[in-house]
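# Structural overview
What follows is the residue order along each chain.
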Amino acid sequence: MKILIVNNNMHIGGIQKALLNLLNEIYDKHDVTLLLFHPAGELREDIPDKVNVICGNRFTRILGMSQAEAKADGLFLGLWRAFFVILTKLLGIKISFGILSRMQKLDETYDAAISYMQNGYFKMFYGGCNEFVINSVKAKRKISFVHCDFLNYEGNNKYNRDFYKNFDTVACVSKSVGDRFLTASGLDKNKIRCVYNCCNYNQIKLLADEYTADYRPNCINIFTAARLSEEKGIFRMLEILRDIKDGGLSFVWRIAGDGPQREMIKNKIKELNLEDDIIMLGMLKNPYPYFKSSDLLLVPSYNEAAPMVFSEAEVLGIPVLTTDTTSAGELVGGRGIGVVCKNDESALKSALTDIIKNRLKRNDIKSFSNETAVKQFNDTVGYKK
């Protein structure tokens, strides 16, 4: 099939990693074109050579850029993006994305066109993939992916909910995500499909041996890979761990990632005298040696959809402690790869204390396949063998 996929960029992030894994599974089965508004990012070089990559023009490129990137690319793009950021704050994405999405038309006709990223808050300049696919692409089928818990998502607004009615299908990355989206959107349930994220199992195993990660003996080694933002729950863990340490238990928690709460987290660690116990690793292109060397993957999020880290921990046999978010029961509890606790500080403290005292066993290393996810994708795009 002739398939177009539209995304913002290839900077390190959950959506981008999921996209890359999908491309690795379908590039030799379909004629795939990837449109990146801004063809930049640490994962750009990992896109398979057989995928045809095209980029946004001088008007639409800002949909995939930060303000710093736009400014660095020249005066025009800096001012152009700043104008649309202000316009969005004043009038919302309906106006700004409606204008920008019509400023680059594609001549090709595709069997399926896919918007791979959902919009954000109504007055936040984030997204535009949905509007571009609907307004500027000719395709027999138009599909939008949802990677979030839409009920708790900042983009759950009337405009975004109504806009999904324009698509033939909405692909949700777990059954639980689909159920939540159905409740939020009121869309016809026959238009909603589950398409699991693919996981590059073989590459993860290879990358896990690329270098030797730090490991501290005589204590539990905990690892988290996440964006340092409020919904990921990193900050709330700091006082929990201070209390656990004061209770005489030893641990080291290594955190890979960056984000808006980085300085706040760093300062709180210092305030609580936890510098030797909580290590901030920054953004790592290859965090898998830390997965492999850890005793526990910790996911303390307030909200989470179907994070890739569950599958990544599973393939390396690392047990998981996660709060009860949208797909935790389905992807962790249902697969028997760890512990799902209530989504509050008391439950996190109790569960983690118990795990430190009574270590979870490493999971068995099994053979994994993306067969189900690829079949779900092919069914969604209408592929017939």
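Before reading further, recall that the structure is shown in the block above.
Notes on the structure follow. Please read these numbers as outputs of a predicted model, since none were measured by experiment.

## Notes on the pairing of strand E2 (residues 31-36)
Among the six residues that make up E2, five are buried, leaving the element largely enclosed by the rest of the structure. Note: strand E1 (residues 2-7) against E2, six bridges, orientation parallel. Opposite Leu 4, over in E2, you have Thr 33 as the bridge partner. In this fold, E1 hands off to helix H1 (residues 14-26), which returns the chain to E2; that crossover is right-handed. Summarising the sheet, E2 and strand E3 (residues 52-55) pair through four bridges and their orientation is parallel. Bridge pairing in E3 links Thr 33 to Asn 52.

## A few points about the environment of Glu 230
If you trace the backbone, Glu 230 turns up in the loop between strand E8 (220-225) and helix H9 (234-246). Looking at Glu 230, the relative accessible area reads 59%, which means it is exposed. Distance from Glu 230 to Asn 303, taken between C-alpha atoms, is 9.5 Å for residues 73 residues apart in sequence. Not counting the four nearest positions on each side in its chain, Glu 230 is found in contact with Gln 261 and Tyr 302.

## Thoughts on the sheet that holds E3
Overall, parallel pairing links the seven strands, which are arranged E3-E2-E1-E4-E5-E6-E7 in an open sheet. One side of each edge strand has no neighbouring strand; the edge strands of this open sheet are E3 and strand E7 (192-194). With direction set aside, neighbouring strand axes in the sheet form an average angle of 25 degrees. Here strand E5 (residues 138-146) pairs with strand E6 (residues 169-172) via four bridges, running parallel. Bridging across to E6, Ile 143 finds its partner in Thr 169.

Cut-off values and rules
Residues numbered from 1 in each chain as written. Predicted model: local features only at pLDDT ≥ 70, side-chain atom pairs only at ≥ 80, totals over all residues. Heavy atoms only, no water. Buried < 20%, exposed > 50% of the residue type's maximum accessible area, 1.4 Å probe, protein only. Helix = DSSP H or I, 4+ residues; strand = E, 2+ residues; numbered from the N terminus. Pairing = 2+ DSSP bridges. Right-handed = clockwise from strand over helix to strand, strands pointing away. Contact = heavy atoms within 4.5 Å. Axes fitted to C-alpha atoms, helices over the stretch in contact; angles between N-to-C directions.

These values are about where atoms sit, not about what they do.
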